[in-house]
Amino acid sequence: LHSEGLLLFSLDSECWKWDSAEIETKTIPNDVIRLLVGKITTLPLHVQYILKLLSCIGSVCAESTLCLLINDIDHCTKESKTTSDKESDIFPSLKVAIDEGLVNKEGSSYHFTHDQVQSVAYSLIPRDERDLLHLQIGSIILKNMPNHERGNIFFVAMNQLNRGKSVMDDDMKEWVAELNLKAGREAISLSAFRNSASFFEAGISLLGSSCWDKNYKLSLQLHNFYAEVEFCNGHFDEVNRVTKIIIEQAKSFSDKTRAYLTFIKTLGAQRNLNNAAEVALAALGDLGEPIQHSDMGSLLRTVHVFAKMKDSQFLALKEMDDDMKRAAMKLLFVLAQFGFQIKSNHFPFALNRMLELTLIYGVCEESCAALAIISFVTCGIHGDWNGSSRTGEIALLLLERLQANEYACIVTSLVNIAKSWTEPLGLIVKQLFFSYEIGMQTGAIHDAMISACGYCYNSFFSGVDLLTLEKDIRRFRVQMSEYKQITSLHQLTPLAQTVLNLIGHSENPIELTGEFMTQSEFIEKSNQPFVVHTLIFCSWLAYLFGEYEIASSAISSRNEVEKNSIKKIEMHGMVPFIDCLVYLASSVKRKQNNSASELSEKLEEMKKLVSYSPRNNQHRMLLIEAEVAYLKNDFDVAMEKYDAAIIAAELIGYRHEQAVCNEKAGDFFMSQGNMIRATSHYSCAIDLYRQWGAQAKVDHLCKHVPL
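How each quantity is defined
- Residues numbered from 1 in each chain as written.
- Predicted model: local features only at pLDDT ≥ 70, side-chain atom pairs only at ≥ 80, totals over all residues.
- Heavy atoms only, no water.
- Helix = DSSP H or I, 4+ residues; strand = E, 2+ residues; numbered from the N terminus.
- Buried < 20%, exposed > 50% of the residue type's maximum accessible area, 1.4 Å probe, protein only.
- Contact = heavy atoms within 4.5 Å.
- Pairing = 2+ DSSP bridges.
- Axes fitted to C-alpha atoms, helices over the stretch in contact; angles between N-to-C directions.
- Patch = residues over 30% accessible without salt bridge, like charges linked within 9 Å, V, L, I, M, F, W, Y side chains within 5 Å.
- Areas by Shrake-Rupley, 256 points an atom, 1.4 Å probe, with all protein chains shown as cover.
- Salt bridge = Lys/Arg side-chain N within 4 Å of Asp/Glu carboxyl O.
- pLDDT = per-residue confidence, 0-100.
- Parallel < 35°, antiparallel > 145°, perpendicular 65-115°, else oblique.
- Nonpolar A, V, L, I, M, F, W, Y, C, P; charged D, E, K, R; others polar.

A.B. asks: How would you summarise the overall build of the protein chain if you had to cite specific residues and measurements?
C.D. replies: The helix and strand tally for the protein chain stands at 37 helices and five strands. Along the longest, intermediate and shortest principal axes, the C-alpha atoms of the protein chain span 105 × 80 × 45 Å. Expressed as a percentage of its 707 residues, the buried residues of the protein chain come to 54%. A separation threshold of at least 6 residues defines the contact pool for the protein chain, and within that pool the share at least 24 residues apart is 67%.

Take a look at the structure:
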């Protein structure tokens, strides 16, 4: 009414005025859609056409995309246009649409003011012309797009081309299917996995039901990529459907390998680890690979062959060119991954066979992945320090030589976790986050989530602010849930609840029950490594909150669970440190040492750690020595060691462990009746715990010590 002059605002009388009689003569639609249709169809033809064009592209369109259409826009319409119409093409027409309240401009993008406006504009395009218009828009954008330009503009063009499927001939469908393969791979590099899945699916649809007969190679690529990104998206039912098609249609076993791997990873992500290992073994059997018994001893003997190699000797190894052996290497790698988690003898067999194949047939991408796993497994107190370091170096060397981007995330992650025993944790944390980013960029979601777990664990033990860590953990948990990476989610859960307990977000700070888990249920239902993680954090929390008997019980339970394990979980020396502190605290409390043998064993482990990695462990050993001196009533030595431990912890930047050192010094001086020194150390401990973000511990200390 207002636009037709039938409803006006009078500035003189400051009120609205209208002509009722004239309004009665007008036919006014009684619904929004008819009203919008009437409004748009009264606009100049070139404005109507631009609105239709914009509605094809979507609710939002970048100005740069519209610029690609300017020179060719008149070829996209059957409507006649005068020279003046052409001169007033896109942007002047959009200005009219903006003035009419149909379109807004924000920054360099145009968008419809409401979804209904877009819907109505699109409905004005005759149905039999829509697909052709989409095809023409996509073709024009693709033709005019700069060669170096990729990303969103390319994706817009592909979406338009895909909507023009019904008017394509077979040759064009094949060409567009190839473009969808390209677009999907580019979307993977941007971590846009949902977009990439839509492109691969569109490519498969374009090739039709006879794709495996007419376009075998392209079909194989599209199906494999589609299954892999749907794995990233957590759509496991779709992964199972597509991998089954690939395995049925592939002409050779090497062509089936990627599908088998994706299917096996899907089983693993859903915690069906035994099934994943069984499928891998069955596939290896189809390849003719002998399934032999191996133990860690035979694996380490093979590792020593590599560890003794000079860089020049290793780089002189040829590249593996046997397709069947390369397929075997891929299957052996996933078998090693899942075999380790289920405490299976398949683990040493898989790694040993991978090293044998590398020596006999040459190196491949999986060779560096195997070496990285070995670097991780052989590090630690009971491992081979030099062998771990050397295999890690070789893994990184081979990664660079082969440009093995598929394994860049897992290789760098495992090698850096092994390095965490000897190098500053702050540096390792940064490297692990970089590994996580590589995994997200390359579509290695499973490996990226492993890196995320490593990042969070190392952040915790390096004393990162707990409130910051809580935010990171919540973000990673959302991703793990979104991508259905259940195994990684379970691995992160005990740490997540520990952080909440320390912050003060749980009823009982020494029991891992709260927002993320119920301790008893988690232990009952989880695999061995996750049970061990839980018991480690239980013992640490119980120690921090002065419940030494509960801490001792958690350690005993953990030792029982870890019997016959492939590799004990030691968390780069944190576990023997906790064990020593618990044994000593229990002895001090009881005024007797009932854990002499256990303590002696753990002290030897700590001495090994200090000799190999003094930077990360010197302050820990000094605190243990102070507690030992306290137990032996050697008070002068105890004072000296407490002070030295506090200084060493401060130098390395471990404020949480510096807080523990101060608290234990406070306990010592209070037992000696020196309230001034005790109060000073307790005050420092409280301040450091507060800086760490452990409010529950701050409250506990304030309640239980005399200040």
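Alright, that's what it looks like, and here's the rest.
A.B. asks: I'd like a description of the sheet that holds strand β5 (residues 109–112), backed by residues and values.
C.D. replies: An order of β3-β5-β4 is seen for the three strands of this open sheet, with the pairing classed as antiparallel. Here the strands that pair on one side only, and so sit at the sheet edges, are β3 (60–62) and β4 (103–106). Each neighbouring strand pair of the sheet contributes to a mean axis angle of 25°, computed without reference to strand direction. Where β3 lies against β5, three bridges are found, and the strand directions are antiparallel. Residue V60 lies in a different strand from β5, and its bridge partner there is H111.

A.B. asks: Outline a nonpolar patch on the surface, supporting the account with residue identities and numerical values.
C.D. replies: Together, F9, L11, W16 and W18 give the surface a local cluster of nonpolar side chains, amounting to about 520 Å² of exposed area. Within the secondary structure, F9 is located in strand β1 (residues 7–10).

A.B. asks: With reference to specific residues and values, describe the pattern of salt bridges.
C.D. replies: All told, the structure shown has 27 salt bridges when counted by the stated rule. E289 is the salt-bridge partner of K325, the closest N and O atoms lying 3.0 Å from each other. Pair noted here: K325 is in helix α19 (residues 323–341) and E289 is in the loop between α16 (273–286) and α17 (296–307), with a separation of 36 residues, a long-range link. On the basis of relative accessibility, which here comes to 5%, the residue E289 falls in the buried class. Among the ionic pairs, K641 bridges to E625, the shortest N-O distance being 3.0 Å. Here E625 lies in helix α33 (residues 614–631) and K641 lies in helix α34 (residues 635–652), a separation of 16 residues in the sequence. Here E625 falls in the partly exposed class, since its relative accessible area comes to 28%.

A.B. asks: Before we move on, could you go through the confidence of the model for the protein chain and cite the residues and values that matter?
C.D. replies: On average, residues of the protein chain score 88 in pLDDT, and 92% of them are at 70 or above. Low pLDDT (under 50) marks residues 75–88, which in the prediction has 18 contacts with non-local residues, meaning those over four places away or in another chain.

A.B. asks: With reference to specific residues and values, describe the packing of helix α27 (residues 486–503) against helix α37 (residues 695–704).
C.D. replies: One way to put it is that α27 packs onto α37 with a least axis distance of 4 Å and a crossing angle of 40°. With respect to α37, the element α27 is oriented oblique. Residue-level inspection shows N501, L502 and I503 of α27 in contact with α37, the latter providing Q695, A696 and K697. Partitioned by chemical class, the residues of the contact of α27 with α37 number three nonpolar, two polar and one charged.

A.B. asks: Would you mind going over unusual backbone geometry in detail, with residue names and values included?
C.D. replies: Its identity is not glycine, yet K484 carries a phi of approximately 55°, on the positive side. Topologically, K484 is positioned in the loop between α26 (466–482) and α27. Of the residues examined, K484 reaches a relative accessible area of 37% and is grouped as partly exposed. Its identity is not glycine, yet N633 carries a phi of approximately 65°, on the positive side. For N633, the position within the fold is in the loop between α33 and α34. N633 gets classed as exposed once you look at its relative accessible area, which sits at 54%.

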